[in-house]
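Structure assessment
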There are 2 protein chains.
Amino acid sequence: MAKRMTEHALIRSLRAVSVAATPPRGLVVGSGDDAAVFRASAAEDFVVTQDALVEGRHFARRWFTGRELGWRLAAVNLSDVAAMGARPKFALISLGVPASAQDAYLKGIQSGAARHLGKFGAVIVGGNITSTSGPLTCDMTLIGICKRGTAWPRRARAGDAIVVAGELGNASAGLAQLRGARAAAGKLVAAYKKPRPLLDVAGLLAGERSIHAAIDVSDGFSSDVIQLCESGRVGCNVEADALPVSKALSTFCGRRREDPMDRVLNGGEDYALILSVAAREADRVCDRLTSRLGISAVVAGRFRREKRVYQIVRNGRPRRLKASGWDHLRGR
Amino acid sequence: MAKRMTEHALIRSLRAVSVAATPPRGLVVGSGDDAAVFRASAAEDFVVTQDALVEGRHFARRWFTGRELGWRLAAVNLSDVAAMGARPKFALISLGVPASAQDAYLKGIQSGAARHLGKFGAVIVGGNITSTSGPLTCDMTLIGICKRGTAWPRRARAGDAIVVAGELGNASAGLAQLRGARAAAGKLVAAYKKPRPLLDVAGLLAGERSIHAAIDVSDGFSSDVIQLCESGRVGCNVEADALPVSKALSTFCGRRREDPMDRVLNGGEDYALILSVAAREADRVCDRLTSRLGISAVVAGRFRREKRVYQIVRNGRPRRLKASGWDHLRGR
């Protein structure tokens, strides 16, 4: 794969060739966010997102029953809708099916996805199916809805607090356990296999004027917080010591003599949310999330005015924060 | 692929496991049509469809430049929106990228799709990209819009005329030429490589009360007309001699001592439209399509009351019409 660009560079260049001279009536947000936004009516906007799971790239079939895989396919897309501050409504599933995939496994995917979507009031309305000589490929498109003009963009605001809702690093450790020789289970594996899309966070905070931007952590905190910065043309000061490290992660890393902060910062697939929150409201927002939803929510630094200045402070020492999360084209 | 169901059987069973107990507010048409339909506002409905092109299954990369492939990806999805009597608005493209695919080729796909969509006022609003160990996979989701309650369903009505807009069989012959040893070009190859989605037919007939149902011919006339029948719980009498055979197809088949009617009935990928039209209006509708749009439009039989009775008459002799089009899981 000699001359392959990074994923984000390629996406930027694909976006550049497909920008319309005159965007059609009704388009609110185009390419480049967690989801696109288009106007439904005087009262409501729709958001639409698409995310795929490719065997060998994002999962191994032996790790998942069909139902578990469908559940996860729904989760990664539900998380994108949560990152828009919206409610999920309609899903389409496109399957690329190798000869080795049993019909029962495919039905499992469909029913696992339907069940997870159903928990949040959403439903499968269509899709596509085709055979492939390649790996099992599951592609979902998910449409959500929110009050007109309230979808959370990806653009962080200078001066805002960096709020992290949910835990980081667990899914990455779970994936490492699954890749290990023996059967793996427990909290870390569950974090990878059954991530919880933070739609309750979106539900609780939707319409709050202090929330200026959001992204879900799919690639890894470092890469995703920098995406928030790039879209908002701001920089950031991350306080690493404020980021929570779960006990399970700490134990796992202790045994392997790893630094857990590496997984917290770069691990990916936790589907936590990073929010850009008006600084004076940030503590109140965190308290509310913790007391009402029982999830971890912390202020982990500030977005700053200086473009392209990404700084992380750990044990009082500042250094440059690098985007070291997952790249869907090149791996890490 | 020992125990694989047919595509339609599997789709039916996938649909069965994913039906929601209580469909969410705003859903008008769920799984099983060319597109799903959901309510946007008091005045408008959205339609949403998804269709994929998989290398080795639907195309070979050496047959297409990136731009041509993007054009075709847009065409097959635009055709689904045409079959709903709607106008296309917003597209998402999900690419599964093998190491062998050059960045320039991917950009070609994006710009070819953007250009074709743009011809009809639609725009790419997002998507996804991931690497794959398998073949190049291009998946598009396309959202269209129509006046509330006017989307064409797939349910044919007993007593209606079967109207076919556009030519049949050419794409199949073009594909056979491409598969042949030497470089191929001309009308037949163009029919396969650059199908014309009949959005002008949708535009001209949208809102006409005499149009009761429609489907686009992607798998093949025989399979697709039977789908219209199954959804509508009706049968059909097809008059084969009324179906046009293009001069190019006739010449091509003459040389190969083939019966062109086999390609007309079962060829697929022509993206013609089959319409269920109130019988007394059918001739007028055909005249209008031909005079206003310059395309072939014929009455090719009737939908009949008897469920599961599919008959075709050729040279005065009736026989049973079998669904012999393309199956996306098993081939033919």
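Values in this document were obtained by computation on a predicted structure and should not be read as measured data.

Once that is clear, we can look at the overall build of chain A. Scanning chain A for helices and strands turns up 10 helices and 13 strands. At 19 Å, chain A has a C-alpha radius of gyration in line with the 20 Å of a compact globule built from 332 residues. C-alpha extents for chain A along the principal axes are approximately 55 × 55 × 45 Å. Surface exposure of chain A reaches about 13,200 Å², of which carbon and sulfur atoms provide 47%. Averaging the positions of the 50 positive and the 31 negative side-chain charges in chain A gives two centres separated by 1 Å.

Further remarks concern the pattern of salt bridges. A pair can form between side chains of opposite charge whenever their charged atoms are brought close. Under the criterion given, the structure shown has 26 salt bridges over all chains. For A:R196, the salt bridge is made with A:D200, and the minimal N-O distance between the two is 2.4 Å. We classify A:R196 as partly exposed; its relative accessible area is 44%. Close ionic contact of B:E306 with B:R304 constitutes a salt bridge, the shortest N to O distance being 2.8 Å. Note on B:E306: relative accessible area 39%, which makes it partly exposed. A single salt-bridge network, built from bridges that share partners, covers A:E208, A:E281, A:R284 and A:R288.

Turning next to the packing of helix 2 (residues 66-82) of chain A against helix 3 (residues 103-119) of chain A. Residues and elements named next belong to chain A. Interaxial distance between helix 2 and helix 3 falls to 6 Å at its minimum, and their mutual angle equals 45 degrees. Classified by the angle between their axes, helix 2 and helix 3 sit oblique to one another. Crossing hand, helix 2 versus helix 3: right-handed. Contacts from G66, R67, L69, G70, W71, A74, A75 and L78 of helix 2 reach helix 3 at Y105, G108, I109, S111, G112, A113, R115, H116, L117 and K119. Split into classes, the residues belonging to the contact of helix 2 with helix 3 amount to nine nonpolar, six polar and three charged.

Here we take up the sheet that holds strand 7 (residues 161-165) of chain B. All names here are of chain B. Pairing is mixed across the open sheet formed by seven strands, whose spatial order is 8-10-7-11-9-12-13. Where the open sheet ends on each side, the last strands, each with one partner, are strand 8 (211-216) and strand 13 (317-320). Looking at each pair of strands side by side, their axes are set apart by 25 degrees on average, direction ignored. Relative to strand 11 (residues 297-304), strand 9 (residues 235-239) runs antiparallel, the two being bridged by four bridges. Across the sheet, residue V238 finds its bridge partner in strand 11, namely G301. Running over the sheet, helix 7 (residues 221-232) touches strand 7, strand 8, strand 9, strand 10 (273-277), strand 11 and strand 12 (310-314) and is turned about 140 degrees from strand 8.

This part takes up the pairing of strand 6 (residues 137-147) of chain B. On a regular strand, one side chain projects to one face of the sheet and the next to the other, so that they alternate. Residues and elements named next belong to chain B. Within strand 6, 10 of the 11 residues are buried, which leaves the element mostly enclosed by the surrounding structure. Taken together, the 11 bridges between strand 3 (residues 44-54) and strand 6 define a ladder with antiparallel strand orientation. Bridged to Q50 within strand 6 is T141.

Another point: the side chain of A:D160. All names here are of chain A. By the secondary structure assignment, D160 is in the loop between strand 6 (137-147) and strand 7 (161-165). Although buried, D160 forms no salt bridge, and the nearest oppositely charged side chain, R157, lies 5.2 Å from it. Sequence-distant contacts of D160, defined by excluding residues within four places in its chain, comprise H212, S276, V277, A278, A279, G301, R302 and F303.

The subject of this paragraph is the interface of chain B and chain A. Listed by partner, the interface residues are 69 residues for chain B and 69 residues for chain A. Taken together, both faces of the contact between chain B and chain A bury some 5,500 Å²; the carbon and sulfur share is 62%. At the boundary of chain B with chain A, the tally comes to zero salt bridges. On the surface where chain B and chain A come into contact, there are eight residue pairs in polar contact (both at pLDDT 80 or more). Counting only elements with at least two residues in the side of chain B that touches chain A, the list comes to helix 1 (7-17), strand 2 (36-39), strand 3, strand 4 (87-97), helix 3 (103-119), strand 5 (123-131) and strand 6 of chain B. The element best represented in the side of chain B that touches chain A is strand 5 of chain B, accounting for nine residues. Partitioned by chemical class, the residues of the side of chain B that touches chain A number 33 nonpolar, 24 polar and 12 charged.

The next subject is the nonpolar core. Counting 68 residues, the largest nonpolar core has B:V47, B:L69, B:L95, B:L106, B:L117 and B:L289 as its most contacted members. Discounting residues that sit within four places of it in the chain, B:L117 has contacts with B:A74, B:L78, B:A91, B:A122, B:V123, B:I124, B:M140 and B:L142. Grouped together as the second largest cluster of nonpolar side chains are 66 residues, A:F64, A:A86, A:M140 and A:L142 included.

Another aspect to go through is helix 3 of chain B. All names here are of chain B. Relative to the 24 Å expected for 17 residues at 1.5 Å per residue, helix 3 spans 25 Å between its end C-alpha atoms, a close match to the ideal helical length. Here helix 3 lies mainly inside the structure; 12 of its 17 residues are buried. Buried within helix 3 we find D103, Y105, L106, G108, I109, Q110, S111, G112, A113, A114, H116 and L117. Remark: G121 follows helix 3 within two positions and exhibits a positive phi of approximately 85 degrees.

The next thing to look at is the relation of the copies chain B and chain A. Once chain B has been moved 0.0 Å along the axis and rotated by 180 degrees, it coincides with chain A to within an RMSD of 0.0 Å. Here the copies are linked by what is in effect a two-fold axis. Relative to the rotation axis, the C-alpha of B:G134 is the closest in chain B, positioned 1.8 Å from it. Take the interface residues of chain B: 100% of them recur as interface residues in chain A, which is what a same-surface contact looks like.

Another aspect to go through is the environment of B:L92. Within the element layout of this structure, B:L92 appears in strand 4. The spacing of B:L92 and B:Q50 is 42 residues in sequence and 9.3 Å in space, taken between C-alpha atoms. Residues contacting B:L92, with those up to four places away along its chain left out, are A:V48, A:T49, A:Q50, B:V125, B:G126, B:G127, B:D139, B:M140 and B:T141.

Residues and elements named next belong to chain B. Position of L106 among the secondary structure elements: in helix 3. The exposure class of L106 is buried, given its relative accessible area of 0%. Along the backbone, L106 and L136 are 30 residues apart, and their C-alpha atoms lie at a distance of 9.7 Å.

Moving on, we come to the environment of A:V125. Assignment of secondary structure puts A:V125 in strand 5 (residues 123-131). In this structure, the C-alpha to C-alpha distance between A:V125 and A:P260, residues 135 residues apart in sequence, is 41 Å.

The next thing to look at is the packing of aromatic side chains. Residue and element names in this part refer to chain A. Across all of its chains, the model carries 13 aromatic pairs over all chains by this definition. Both rings, one in F38 and one in F46, keep their centres 5.7 Å apart while their planes meet at 40 degrees; by these two values the pair is tilted. For F46, a relative accessible area of 1% translates into the label buried. Plain terms: the ring middles of F64 and Y192 are 5.9 Å apart, the flat faces sit at 55 degrees to each other, and that makes the pair tilted. A residue pair is termed long-range when its members are at least 10 positions apart, and F64 in the loop between strand 3 (44-54) and helix 2 and Y192 in helix 5 (residues 187-193) qualify at 128 residues.

Parameters at a glance
Residues numbered from 1 in each chain as written. Chains lettered and ligands numbered in written order. Predicted model: local features only at pLDDT ≥ 70, side-chain atom pairs only at ≥ 80, totals over all residues. Heavy atoms only, no water. Helix = DSSP H or I, 4+ residues; strand = E, 2+ residues; numbered from the N terminus. Rg over C-alpha atoms; globule rule 2.2 N^0.38 Å. Areas by Shrake-Rupley, 256 points an atom, 1.4 Å probe, with all protein chains shown as cover. Lys, Arg positive; Asp, Glu negative; His and termini not counted. Charge placed at Lys NZ, Arg CZ, Asp CG, Glu CD. Salt bridge = Lys/Arg side-chain N within 4 Å of Asp/Glu carboxyl O. Buried < 20%, exposed > 50% of the residue type's maximum accessible area, 1.4 Å probe, protein only. Axes fitted to C-alpha atoms, helices over the stretch in contact; angles between N-to-C directions. Parallel < 35°, antiparallel > 145°, perpendicular 65-115°, else oblique. Left-handed = near helix turned anticlockwise from the far one by under 90°. Contact = heavy atoms within 4.5 Å. Nonpolar A, V, L, I, M, F, W, Y, C, P; charged D, E, K, R; others polar. Pairing = 2+ DSSP bridges. Buried area = accessible area lost by both parts, 1.4 Å probe. Polar contact = N/O pair within 3.5 Å; in protein donor to acceptor, adjacent residues only side chain to side chain. Core = buried A, V, L, I, M, F, W, Y, C linked by side-chain atoms within 4.5 Å. Expected span 1.5 Å × (residues − 1). Least-squares fit on C-alpha atoms with pLDDT ≥ 70 in both. Phe/Tyr/Trp six-rings, centres within 6.5 Å; stacked < 30°, edge-to-face > 60°.

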